[in-house]
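# Examining the three-dimensional arrangement
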Amino acid sequence: MSISAMLEPIAGRGETVTLPADEWMQGRTLYGGASALVAYTAAIRAFPDLPPLRSAQVAFVAPVGAEVTPHASIIRQGRNVTQVRVDLLVDGSPALTSFWLFGASREANAVHAAEPIAPAPIPIDEAERLMADKGPAFIQNNYELRRAAPSGGDGGPVVRRWLRLKGGDDLDPTSRLILIGDTMPPGAMRAMQRPGPVSSMNWAINLLDPMAQTRDGWWLAEAASDHADHGYSSERLRLWDADGRLVMIGQQAAAVFG
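Below: a short report on this structure. Every value quoted in this text rests on a predicted model; they were computed, and no experiment measured them. (Residues numbered from 1 in each chain as written. Predicted model: local features only at pLDDT ≥ 70, side-chain atom pairs only at ≥ 80, totals over all residues. Heavy atoms only, no water.)

## Topic: the overall build of the protein
Summing up its helical and strand segments, the protein has 4 helices and 15 strands in all. Projected onto the principal axes, the alpha-carbon positions of the protein cover approximately 50 × 45 × 40 Å. A fraction of 66% describes how many contacts in the protein between residues 6 or more apart in sequence connect residues 24 or more apart. Considering the protein, the positive charge centre built from 23 side chains and the negative charge centre built from 28 side chains are found 3 Å apart. (Helix = DSSP H or I, 4+ residues; strand = E, 2+ residues; numbered from the N terminus. Contact = heavy atoms within 4.5 Å. Lys, Arg positive; Asp, Glu negative; His and termini not counted. Charge placed at Lys NZ, Arg CZ, Asp CG, Glu CD.)

Printed below as a string of structure tokens:
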């Protein structure tokens, strides 16, 4: 089933919908990128004339199941920027709350390109395939993963992978970025002293190019822990296209158990 088929029931009118979401589950909840995409889809279907998405803040409050009630409302609409709030309710209580900032393009007054990737990743055609028969259900069902950084050594608390959606997809570019942008596990897993679960608590993103495309469907994703202690990690997320162009950056708080 395509991701678009999963999103089909969402109309943005505040109705309760049942999503065919089995392929996108991570334990007892919908994978974070997929649940954020449900909220984004509710926003653009409730208000179809919005400008391009520029930024978003998402709080993962409780598990999001197959049955959800999206509530979308405009917080403020200016000449160029519109801010939309979307809550996903499960059994009447918030399971996800989010703010989406849409902004029309303007003549640039500041132009500054992102720094190139450093260190350079392993080339896609030389990269080792990963997670072929293990990992969360949403990874097994929907992704091809390859190693983008050498295994072992002192790489720090960073997870960096090439990723591609299996079988292609029929999403618009912005929806695709939201779906795949939270794929990597927290970088803090590289600093853990003993095995234990990790869980994303929120997700803030800036889209540098809402219409980004890539070569042969491959993207380079990274999650890096800037600081971890007291059971939490401050995470920095980045996403590049296959040619090394940075297209999305994010920040996340993760809970580290065990």
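From this point, things continue past the structure.
## Here we look at the pattern of salt bridges
Under the defined criterion, the tally for this structure stands at 11 salt bridges. Note that Arg 147 and Glu 128 form a salt bridge whose closest N and O atoms lie 3.0 Å from each other. Taken together, the residues Arg 147 in strand E9 (residues 143–147) and Glu 128 in the loop between strand E7 (93–103) and strand E8 (129–130) connect sequence positions 19 residues apart. A relative accessible area of 15% places Arg 147 in the buried class. Between Arg 215 and Asp 243 there is a salt bridge; the shortest N-O distance is 2.7 Å. Of this pair, Arg 215 sits in the loop between strand E12 (202–207) and strand E13 (219–229) while Asp 243 sits in the loop between strand E14 (232–241) and strand E15 (246–256), placing them 28 residues apart in sequence. On the basis of relative accessible area, Asp 243 is assigned to the exposed category, the value being 58%. Salt bridges linked by common partners bring Arg 160, Glu 222, Asp 226, Arg 236 and Arg 238 together as one network. (Salt bridge = Lys/Arg side-chain N within 4 Å of Asp/Glu carboxyl O. Buried < 20%, exposed > 50% of the residue type's maximum accessible area, 1.4 Å probe, protein only.)

Note that every value here comes from positions in space, so none of it alone points to a role or purpose.
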